[in-house]
Amino acid sequence: MTDEISALAEAVRGADSVVAFTGAGVSTASGIPDFRSEGGIWDRYDPSEFHYNKFRADPAAFWEKRIELYEELFSGDIAPNPAHDALAALESAGHLETVITQNVDGLHETAGSSTVELHGNGQRVACESCDGKEPLELAEGQIADGQLPPECPSCGGVLKPDTVLFGEQLPRVALQRAKQYAQNADVFLAVGSSLTVEPAASLPQIAERGGATLAIVNLEETPVSETAAFDIRGDVTAVLPEIQAVVETS
Ligand code: APR
């Protein structure tokens, strides 16, 4: 264990309010590719294909092209990994308030964390007309039966993945809650994110302006690595369990 990890664990243990902020790097060990690493999702798909205007122009085509990716990402046996488990354990031991996440895989909730889902949740679909929410499986079943685009069982409206597409606003309440948590945090743990997509990427600075100790845990450098109090370049599945172990044994 490095001195930096021990020092961060001490900061977490002594803090009144610790908030975690996660990105796709927390789920790569669960078999879900991140977006901007070598071989990530944006190496295989054109981000412009995931723009809300593309969906609205032709929802059937959007679903037809996306369903294999959504099934790769969200169906089947994806499970939390030690990084998810460490954050859930810190929260249940009273050392973490919540997990603000950009991820849409639902794995933090599965691990037992409370979350603020900034980019929605890919395990759900939402109706464009009545905003009713349904499990992804319902849309998958309709698509398998040739129903494109999938339709809302309540009002017949078009169903859309309940994730924030480029060009869409983030859920207002979630963003407001995330900003409040960041402003009130004593320690802000930004883990597994390139911190490049706004407005989520501004949360670490909001936390710092609110007086938080900013800690980055990431394989690669991020735009705030130089100014952060802690910049731990490592694997979240190793670092987060180490922090959790120190906090819980002290
Ligand atoms: N441990 C630590 N860091 C890791 C690990 C790991 N096991 N695996 C990957 N990483 C790091 C990568 O080095 C990268 O810097 O996680 C970061 C993931 O960055 P991105 O792929 O950009 O993902 P994220 O920051 O979550 O993207 C934000 O962009 O496309 C949108 O909506 C999408 O929510 C996503 C947002």
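Structure report, in brief.

Reading guide: rules and limits
Residues numbered from 1 in each chain as written. Predicted model: local features only at pLDDT ≥ 70, side-chain atom pairs only at ≥ 80, totals over all residues. Heavy atoms only, no water. Helix = DSSP H or I, 4+ residues; strand = E, 2+ residues; numbered from the N terminus. Rg over C-alpha atoms; globule rule 2.2 N^0.38 Å. Contact = heavy atoms within 4.5 Å. Areas by Shrake-Rupley, 256 points an atom, 1.4 Å probe, with all protein chains shown as cover. Lys, Arg positive; Asp, Glu negative; His and termini not counted. Charge placed at Lys NZ, Arg CZ, Asp CG, Glu CD. Near = heavy atom within 4 Å. Polar contact = N/O pair within 3.5 Å; in protein donor to acceptor, adjacent residues only side chain to side chain. Domains from an automatic or database assignment. Pairing = 2+ DSSP bridges. Axes fitted to C-alpha atoms, helices over the stretch in contact; angles between N-to-C directions. Core = buried A, V, L, I, M, F, W, Y, C linked by side-chain atoms within 4.5 Å. Buried < 20%, exposed > 50% of the residue type's maximum accessible area, 1.4 Å probe, protein only.

**Overview of the overall build of the chain**
Within the chain, the secondary structure is distributed over 10 helices and 9 strands. The C-alpha radius of gyration computed for the chain amounts to 19 Å, which stays within 12% of the reference 18 Å derived for 250 residues, consistent with globular compactness. Seen through its C-alpha atoms, the chain measures out along the principal axes to roughly 55 × 30 × 30 Å. Within the chain, contacts between residues at least 6 apart in sequence are counted, and of these 67% link residues at least 24 apart. Looking at the chain as shown, the accessible area adds up to about 11000 Å², and 47% of this sits on carbon and sulfur atoms. The average position of the 15 basic charges and that of the 40 acidic charges among the side chains of the chain differ by 8 Å.

**Concerning the site of the ligand**
Around the ligand sit 22 residues in total, of which Ala 24, Phe 35, Arg 36, Ser 193 and Ser 194 are the nearest. The contact in question runs from an oxygen atom of the ligand to an N or O atom on the side chain of Trp 42, over 3.0 Å. The contact in question runs from an oxygen atom of the ligand to an N or O atom on the backbone of Gln 102, over 3.3 Å. Computed on the free molecule, the ligand has an accessible area of 730 Å², of which 94% lies beneath the protein chains in the complex. Residue assignment places the shell around the ligand across two domains, with domain 1 (1-32 + 80-119 + 169-250) and domain 2 (34-77 + 124-163) each supplying three or more.

**Thoughts on the sheet that holds strand 6 (residues 159-163)**
Pairing in this open sheet of 3 strands is antiparallel, and the strands run 5-4-6 from one edge to the other. Every other strand in the sheet has two partners, leaving strand 5 (133-135) and strand 6 as the edge strands with one partner each. For this sheet the average axis-to-axis angle between neighbouring strands, irrespective of direction, equals 45°. In the sheet, strand 4 (residues 120-127) pairs with strand 6 via 4 bridges, with the strands oriented antiparallel. Note on strand 6: the bridge partner recorded for Val 125 is Pro 161. Sitting on the sheet, helix 4 (residues 59-74) is in contact with strand 4 and strand 6, with an inclination near 40° to strand 6. Packed on one face of the sheet, helix 7 (residues 136-144) meets strand 4, strand 5 and strand 6 and runs near 70° to strand 5.

**Section: the sheet that holds strand 1 (residues 18-22)**
A sheet is described by the order of its strands in space; here 6 strands give the open sequence 3-2-1-7-8-9, paired in parallel fashion. Two strands bound the open sheet, and with one partner strand each, they are strand 3 (115-117) and strand 9 (230-233). Across the sheet, the mean angle from the axis of one strand to that of its neighbour is 15°, orientation sign disregarded. Judged from the 5 bridges that link them, strand 7 (residues 187-191) and strand 8 (residues 213-218) form a sheet pairing that is parallel. Paired with Val 187 across the strands is Thr 213, a residue of strand 8. Docked against the sheet, helix 8 (residues 172-184) engages strand 1, strand 2 (98-101), strand 3 and strand 7, running at close to 130° with respect to strand 3.

**Notes on the nonpolar core**
Leu 8, Leu 189, Leu 240 and Ile 243 are the most contacted members of the largest nonpolar core, which totals 27 residues. Per-element accounting of this core gives the leading share, 6 residues, to helix 10 (residues 236-249). Apart from residues no more than four positions distant in its own chain, Leu 240 is found in contact with Ala 83, Ala 86, Leu 87 and Val 191. With 25 residues, the next largest nonpolar core counts Tyr 45, Tyr 70, Leu 107 and Cys 152 among its residues.

**Re unusual backbone geometry**
Cis geometry is found at the peptide bond from Leu 148 to Pro 149, where omega equals -5°. Unusually for a residue other than glycine, Asp 131 sits at a positive phi of about 65°. Take Asp 131: it is sitting in the loop between strand 4 and strand 5. Judged by relative accessible area, Asp 131 falls into the partly exposed class, the value being 48%. One non-glycine residue with positive phi stands out, namely Leu 195, at about 55°.

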